[in-house]
Amino acid sequence: MAETASTNSALLERLSHGEAPVQGQWLVADRQTAGRGRAGRVWTDGFGNFMGSTAVALRDAEALPQTLALVAGLSVHRALMAVVPALSGLVLKWPNDLLVGEAKLCGILLERQRDAVVVGIGVNLAEAPDVPGRKTASLAGLGYDVSRDAFASALAETWAEDLTAWHAGGWPMLREAWLVRSLPKGTLLGVNLSEEGHVIGGFAGLEPDGAVLLRLADGSVRAIHAGDVELIGA
Ligand code: BTN
């Protein structure tokens, strides 16, 4: 598709008209005029970047499983390493950002529509947009020339594999695969919690349900189920 407001919005619209999610079908745009990020933020395009969404039918109508958000990050990580095996320093930051060093290379937005979820993925293949207060990276800026088609077909493959494993109850194995690609344990992360304000702790792993574990200064371990986690440092 040449241009759309947002590939997530376009898929949500189709679902709202009763279309069923088609497993393996991706909607990829050349340009988004109103790309959306997490927490109401704007997602800025770059010419040649990947902007795409796919819809997943949920088998039970429970709350959106946190682990699906993590699976999306894992699939993007695996796809990027398939197209650029020499890429170093690519890590997952909970729940589903991909960073190179401290700079963001990819963002993922999951949105629920009744018994389906739209998974939207933006990867800076060609350009790193300027985002005030945030470091951003692109593959081109790191010296790797990857076409959108090459990345899209790698992602279609890793996502199909990971989603099949996830539906089959394979999250425990995917969780291990996520952890080996994540920021190192002990990396300081901060999160704003409505009751307690800003909490800082060292990354200590994932709960079986996908919550992130932070080790606080007093040694206690805190599970965070939702929120915007920021990287503070090593
Ligand atoms: C974030 O990190 O804040 C998530 C960014 C998600 C961006 C992608 S681009 C394709 C899809 N369409 C959107 O409007 N957003 C997602």
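Located above this text is the structure these notes cover.
Residues numbered from 1 in each chain as written. Predicted model: local features only at pLDDT ≥ 70, side-chain atom pairs only at ≥ 80, totals over all residues.

Trainee: Help me understand the pairing of strand 9 (residues 188-193) in this model?
Mentor: Strand residues, when the strand is regular, have side chains that alternate between the two faces of the sheet. Bridge analysis of strand 9 against strand 10 (residues 197-206) gives six bridges, and the strand direction is antiparallel. Residue pairing for strand 10: leucine 193 is matched across the bridge by glycine 197. Two successive antiparallel strands, strand 9 and strand 10, enclose a turn made up of three residues. Sheet analysis places strand 9 next to strand 13 (residues 229-233), joined by four bridges and oriented antiparallel. Looking at the pairing, valine 191 lines up with valine 229 of strand 13. (Pairing = 2+ DSSP bridges. Helix = DSSP H or I, 4+ residues; strand = E, 2+ residues; numbered from the N terminus.)

Trainee: In this structure, what is going on with the site of the ligand? I would like to understand it.
Mentor: Of all residues adjacent to the ligand, which total 20 residues, the nearest are Ser6, Gly37, Gly107, Gly120 and Gly122. Of the residues contributing to the shell around the ligand, the split by class is five nonpolar, 11 polar and four charged. (Near = placed C-beta within 6 Å. Nonpolar A, V, L, I, M, F, W, Y, C, P; charged D, E, K, R; others polar.)

Trainee: Please clarify how the sheet that holds strand 5 (residues 90-93) should be interpreted in this entry.
Mentor: The strands making up a sheet associate through hydrogen bonds between their backbones, and the pairing can be parallel or antiparallel. The sheet built from six strands is open, its strands ordered 2-4-8-7-6-5 with antiparallel pairing. Among the strands making up the open sheet, the edge pair consists of strand 2 (26-29) and strand 5. Here the strands of the sheet are splayed against their neighbours by 20 degrees on average, with no regard to which way each runs. Relative to strand 8 (residues 116-123), strand 4 (residues 50-57) runs antiparallel, the two sharing eight bridges. Its bridge partner lying in strand 8, serine 53 is registered against glycine 120. The strands touched by helix 1 (residues 7-16) within the sheet are strand 2, strand 4, strand 7 (103-113) and strand 8, with strand 4 carrying the most contacts at an inclination of about 25 degrees. The strands touched by helix 3 (residues 148-167) within the sheet are strand 2, strand 4 and strand 8, with strand 4 carrying the most contacts at an inclination of about 20 degrees. (Axes fitted to C-alpha atoms, helices over the stretch in contact; angles between N-to-C directions. Contact = placed C-beta atoms within 7 Å.)

Trainee: Just to check I follow, could you spell out the nonpolar core for this structure?
Mentor: For soluble globular proteins, the rule of thumb is that nonpolar side chains tend to be buried together. In terms of nonpolar packing, the biggest core is built from 53 residues, with Ala72, Val76, Ile108, Val119, Ile121, Val123 and Phe151 touching the most fellow members. A domain-level breakdown of this core finds at least three residues from each of domain 1 (3-180) and domain 2 (188-233). (Core = buried A, V, L, I, M, F, W, Y, C linked by C-beta atoms within 7 Å. Buried ≥ 20, exposed ≤ 12 C-beta atoms within 10 Å, placed from the backbone. Domains from an automatic or database assignment.)

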